[in-house]
Amino acid sequence: TMQTFGVFFAFGMLGCRRGTLAVLVYLLLGAVGLPVFSGGNAGLGAIFGATGGYMASWLLMGPILWAAERAFGKKTWASVLGMIAGLAVCYALGTVWFMAVYAHQTGPVGLWTALWGCVIPFILPDLFKIGLAAGLCRRLSGFVRGGPKVIASGRGLCYNSGCAAARCADRTICKYKERIHHVD
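Residues numbered from 1 in each chain as written. Predicted model: local features only at pLDDT ≥ 70, side-chain atom pairs only at ≥ 80, totals over all residues. Heavy atoms only, no water.

(A) Highlighting the nonpolar core. Membership of the largest hydrophobic core comes to 28 residues, with the highest contact counts inside it found for Phe8, Trp58, Met61 and Phe98. With seven residues, the single largest contributor to this core is helix H1 (residues 3-31). For phenylalanine 98, the contacting residues outside a window of four places in its chain are Ala50, Tyr54, Val109, Ala114 and Cys118. (Core = buried A, V, L, I, M, F, W, Y, C linked by side-chain atoms within 4.5 Å. Buried < 20%, exposed > 50% of the residue type's maximum accessible area, 1.4 Å probe, protein only. Helix = DSSP H or I, 4+ residues; strand = E, 2+ residues; numbered from the N terminus. Contact = heavy atoms within 4.5 Å.)

(B) Focus on the packing of aromatic side chains. Here the structure, examined in full by the defined rule, presents five aromatic pairs. Seen in terms of ring centroids, tyrosine 26 and phenylalanine 37 are 5.6 Å apart; in terms of plane orientation they differ by 80°. Their pairing is edge-to-face. Within this pair, whereas tyrosine 26 is found in helix H1, its partner phenylalanine 37 is found in the loop between H1 and helix H2 (44-47), the two being separated by eleven residues in sequence. Between tyrosine 26 and tryptophan 58, the ring centres sit 6.1 Å apart and the planes meet at 40°, which makes this aromatic pair tilted. Of this pair, tyrosine 26 sits in helix H1 while tryptophan 58 sits in helix H3 (residues 52-72); the two residues are 32 residues apart in sequence, bridging distant segments of the chain. By relative accessible area, which is 21% here, tyrosine 26 ends up partly exposed. Note on tryptophan 58: relative accessible area 3%, which makes it buried. Ring pairs connect the aromatic residues Tyr26, Phe37 and Trp58, which therefore count as one cluster. (Phe/Tyr/Trp six-rings, centres within 6.5 Å; stacked < 30°, edge-to-face > 60°.)

(C) Expanded view of the side chain of glutamate 69. Its location among the elements puts glutamate 69 in helix H3. We note that glutamate 69 is buried and unpaired, the nearest opposite charge coming from lysine 74 at a distance of 4.4 Å. Reaching out from glutamate 69, the side chain makes a polar contact with the side chain of serine 79 at a distance of 2.9 Å. Contacts of glutamate 69, omitting those with residues within four sequence positions, involve Lys74 and Ser79. (Lys, Arg positive; Asp, Glu negative; His and termini not counted. Salt bridge = Lys/Arg side-chain N within 4 Å of Asp/Glu carboxyl O. Polar contact = N/O pair within 3.5 Å; in protein donor to acceptor, adjacent residues only side chain to side chain.)

(D) Quick peek at the pattern of salt bridges. Evaluation of the coordinates by the stated rule reveals one salt bridge. The residue aspartate 126 makes a salt bridge to lysine 129 at a minimum N-O spacing of 3.3 Å. Of this pair, aspartate 126 and lysine 129 both sit in helix H6 (residues 123-144), three residues apart, which is roughly one turn of the helix.

(E) Quick peek at the side chain of glutamine 3. Mapped onto the elements of the fold, glutamine 3 is located in helix H1. Setting aside anything within four residues of it in sequence, one finds glutamine 3 in contact with Tyr26, Val36, Phe37, Ser38, Met55 and Trp58.

Structure, rendered in structure tokens:
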């Protein structure tokens with residue numbers, strides 16, 4: 001599924017705090033019944049079911065990605081490293097959860113059986129999704145993080161990046177940088 005891509009992309013574009021919040025909102029939307037999970041599943045049964053541990057572990061990916069970026073800087077390779085570490089934690093916690101729920105519902109399942117069913121077939125596709133998310137985040141981050149910041153003013157929108165305030169016909173004090181900027 002593209003759920004893991006969405007999680008990687010959210011953290012890559014939004015950062016740890018907002019990315020974690022976005023993933024939490026996604027999980028809550030699914031918990032209340034919106035069919036947003038894999039295969040159109042929804043509800044608490046999907047979250048507390050056999051594969052719910054993988055979804056719950058997404059909330060830990062943000063802090064792991066943050067730690068990698070904090071340790072190595074906000075470089076693409078550091079983000080990829082953080083995403084891979086987050087994926088490893090997702091696999092570990094999700095597999096333990098899967099084994100516990102499966103054992104309760106059906107009967108005991110071996111570690112290798114769980115890994116062959118829940119992890120190993122997804123390693124290469126998930127690594128591809130990490131690469132795709134990291135590449136897209138790198139290309140698009142200028143539009144979200146470093147692009148013009150739009151700040152509401154009393155007379156319109158102030159674009160505080162790259163403004164030629166001296167040539168502006170209509171000027172106001174920017175509430176973000178406290179400088180004069182062009183207002184549309």
